[in-house]
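Here is what each chain is made of, one letter per residue.
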Amino acid sequence: MVRTHELKKYFRDAKKGDKKAVDGVTFEARPGRILGLLGVNGAGKTTTLRMLSTVIKPTSGSAEVAGFNVLEHPEKVRASIGFMSTSTSLYGRLTAKELIAYFGGLYGLEGERLQDRIRYVTQKLQLEEFSDRLCDKLSTGQKQRVNIARTILHDPPVLFFDEPTAGLDVVASQSVMEFIEEARDAGKTIVFSTHIMSEVERLCDEIVVIHDGVAMGEGTVASLKAKTGQETLEKAFLSLVGFQPTYAKVPA
Ligand SMILES: Nc1ncnc2c1ncn2[C@@H]1O[C@H](COP(=O)(O)OP(=O)(O)OP(=O)(O)O)[C@@H](O)[C@H]1O
């Protein structure tokens, strides 16, 4: 379970005034379901996920992950989550196998349990053919598979995916989405950030539309369409964020 209540993050800037990156977001993500944070660039999705994963502290409001408050028990939160984004870099000078073992150590896995989990993720993500290659030398799709392996190595109950298909081709994106569906079916609580409507329509049980740090709407794809009176999620999204056309219609 992941719960936020009036979660806020203001970045201090003496010259320009505070940047309200997240400004009072409340939601609940449940086991076996996928909650989507849908928003354009700069909406506040990554900042929300960074607070949930204890990388940064909220300015105010509260957040609970797997039953642990992010401020009171950050170490327990970190042990309960896997975080994946395409911008997470791998250590280029380690082989895929070494990198996974290294993260296993960070997660506190050791001995038989560590070896079992390494075997599992290696098979699951089909890493065998390149597990002895340096991460620097892997293709983008292969790096993504190592990234997923790293994310799930300690079998956490909560998974955060921050635009996990950014920069991937259609085949690699498909595998990532199938992987997320499988994790949902295994009962994981999943929070998934994206700006891609088709991914939201396919994956998300609930959506929070976030814009300029504010939740502009929440519900299922169907309920957001109904609420805005729009036929497509894209139009419903544009309506919720108050999109105004940039070009005026002028007779030729
Ligand atoms: N450390 C920081 N200091 C100042 N401003 C920040 C910082 N981190 C993020 N911001 C600003 O907060 C806002 C929200 O950023 P955030 O990265 O959360 O957006 P996002 O929805 O994840 O967008 P993207 O899809 O571009 O990653 C942006 O205006 C961003 O410039």
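Being a predicted model, the structure only gives us computed values, none of them experimental. Within every chain, residues take consecutive numbers counted from 1 along the sequence as written. Owing to the predicted nature of the model, reporting of local features is limited to residues with pLDDT of at least 70; listing and counting of side-chain atom pairs is limited to 80 or more, with chain, interface and lining totals taken over all residues. The side-chain values count all of the structure's non-hydrogen atoms but skip hydrogen atoms and water molecules.

**A few points about the overall build of the protein chain**
Part 1 of the argument: Comment: elements are numbered from the N terminus, with helices defined as DSSP H or I runs of at least four residues and strands as E runs of at least two. For the protein chain, the count of helices and strands is 9 helices and 10 strands.
Part 2 of the argument: By the burial criterion, 47% of the 252 residues in the protein chain qualify as buried.
Part 3 of the argument: Partitioning the intrachain contacts of the protein chain with sequence separation of at least 6 by distance along the chain shows that 66% fall at a separation of at least 24.
Part 4 of the argument: For every accessible area listed, the method is Shrake-Rupley and the probe measures 1.4 Å; residues are considered covered only by the protein chains on display. Taken as a whole, the protein chain presents about 13,000 Å² of accessible surface, with 50% of it coming from carbon and sulfur.
Part 5 of the argument: For the protein chain, the centre of its 33 positive side-chain charges and the centre of its 32 negative side-chain charges are spaced 4 Å apart. Any residue under 20% of the maximum accessible area for its type is buried, any over 50% is exposed, and the rest in between are partly exposed; the area is computed with a 1.4 Å probe on protein chains only. The contact criterion used throughout is that any non-hydrogen atoms of two residues lie within 4.5 Å. His is not counted, nor are the chain ends; Lys and Arg add positive charge and Asp and Glu add negative charge. For charged residues, the charge sits on one atom: NZ in Lys, CZ in Arg, CG in Asp, CD in Glu.

**Some points on the site of the ligand**
Part 1 of the argument: Residues are classed as near a molecule or strand on a simple rule: at least one heavy atom within 4 Å of it. What surrounds the ligand is the set Phe11, Lys19, Ala21, Val40, Asn41, Gly42, Ala43, Gly44, Lys45, Thr46, Thr47 and Glu163.
Part 2 of the argument: Between N or O atoms, a polar contact is any pair within 3.5 Å; within protein, one atom must be a potential hydrogen donor and the other a potential acceptor, and residues adjacent in sequence are included only when both atoms are from side chains. Take Asn41: an N or O atom from its side chain is 3.3 Å from an oxygen atom of the ligand.
Part 3 of the argument: Relative to its unbound accessible surface of 630 Å², the ligand loses 62% to contact with the protein.
Part 4 of the argument: The greatest single-element share of the shell around the ligand, amounting to 3 residues, is contributed by helix H1 (residues 45-52).
Part 5 of the argument: Gly is put with the polar residues, along with every residue not named as nonpolar or charged; the nonpolar set is Ala, Val, Leu, Ile, Met, Phe, Trp, Tyr, Cys and Pro, and the charged set is Asp, Glu, Lys and Arg. The class makeup of the residues in the shell around the ligand is 4 nonpolar, 5 polar and 3 charged.

**What about the UniProt feature "domain: ABC transporter" (unreviewed entry) in the protein chain?**
Part 1 of the argument: UniProt positions are given in the numbering used here, feature names are shortened, and annotations may be inferred rather than shown by experiment. If you check UniProt for "domain: ABC transporter" (unreviewed entry), the listed places come out as residues 2-237 in our numbering.
Part 2 of the argument: Between the C-alpha atoms that bound residues 2-237 there is a distance of 24 Å. The span itself is 38% helix and 27% strand.

**Thoughts on the sheet that holds strand E9 (residues 206-211)**
Part 1 of the argument: At least two bridges found by DSSP between two strands is the condition for calling them paired. Taken in spatial order, the 6 strands of this open sheet run E6-E7-E8-E3-E9-E10, and their pairing is mixed. Where the open sheet ends on each side, the last strands, each with one partner, are strand E6 (81-85) and strand E10 (214-219). Taken pair by pair, the neighbouring strands of this sheet meet at an average axis angle of 15°, ignoring direction.
Part 2 of the argument: Of the pairings in the sheet, the one linking strand E3 (residues 33-38) to E9 comprises 4 bridges and is parallel in character. With axes taken as lines fitted to C-alpha atoms, and helix axes fitted only over the stretch in contact, angles between N-to-C directions fall between 0 and 180 degrees.

**Considerations on the side chain of Ser53**
Part 1 of the argument: By the element assignment, Ser53 lies in the loop between H1 and strand E4 (60-65).
Part 2 of the argument: Within the local environment of Ser53, its side chain forms a polar contact with the backbone oxygen of Leu49, the two atoms lying 2.7 Å apart.
Part 3 of the argument: Residue contacts for Ser53: discarding those within four places in its chain leaves Arg78, Ile81, Phe83 and Phe160.

**Focus on helix H4 (residues 111-124)**
Part 1 of the argument: Helix span is expected to be 1.5 Å times the residue number reduced by one. With 14 residues, H4 extends 20 Å between its outermost C-alpha atoms, agreeing within 8% with the 20 Å of an ideal straight helix rising 1.5 Å per residue.
Part 2 of the argument: Regarding H4, the residues found buried are Leu114, Arg117, Ile118, Val121 and Thr122. All buried residues of H4 fall inside an arc of 130° around its axis, so they share one side. Opposite the buried face of H4, at more than 90 degrees from it, the exposed residues are Glu112 and Gln123.
Part 3 of the argument: Its buried side turned inward, H4 meets helix H3 (96-106) and helix H5 (140-152).
Part 4 of the argument: One or two residues past the end of H4 sits Gln126, with phi positive at roughly 50°. The reported arc concerns the directions from the helix axis to the C-beta atoms and nothing else.

**Notes on the packing of aromatic side chains**
Part 1 of the argument: Between the rings of Phe, Tyr and Trp (Trp by its six-membered ring), a pair exists once the centres lie within 6.5 Å; its type follows the angle of the planes, with under 30 degrees stacked, over 60 edge-to-face, and the other angles tilted. This structure, assessed with the given rule, holds 5 aromatic pairs.
Part 2 of the argument: A ring pair is formed by Phe83 and Phe160, whose centres lie 6.4 Å apart and whose planes are at 70°; its orientation type is edge-to-face. One end of the pair, Phe83, is in strand E6; the other, Phe160, is in strand E7 (residues 158-162), with 77 residues separating them in the sequence.
Part 3 of the argument: For Phe160, a relative accessible area of 0% corresponds to the buried category.
Part 4 of the argument: Where Phe103 meets Tyr107, the ring centres are 6.2 Å apart and the plane angle is 45°; that geometry is what we call tilted.

**Considering the sheet that holds E4**
Part 1 of the argument: The antiparallel open sheet is built from 4 strands, whose spatial order is E2-E1-E4-E5. Both outer strands of the open sheet, strand E2 (19-29) and strand E5 (68-69), are each paired with one neighbouring strand and no more.
Part 2 of the argument: Two strands pair when backbone bridges link them, and strand E1 (residues 2-11) and E2 are joined in this way by 8 bridges, in the antiparallel orientation. By the bridge assignment for E2, Val2 is matched with Ala29.
Part 3 of the argument: On the sheet, H1 packs against E1, E2 and E4 and is oriented at approximately 115° with respect to E1.

**A closer look at the pairing of E3**
Part 1 of the argument: Burial of E3 is extensive: 5 of the 6 residues sit out of reach of the surface.
Part 2 of the argument: Both E3 and strand E8 (residues 189-194) contribute to a ladder of 6 bridges, which runs parallel. Its bridge partner lying in E8, Leu35 is registered against Val191.

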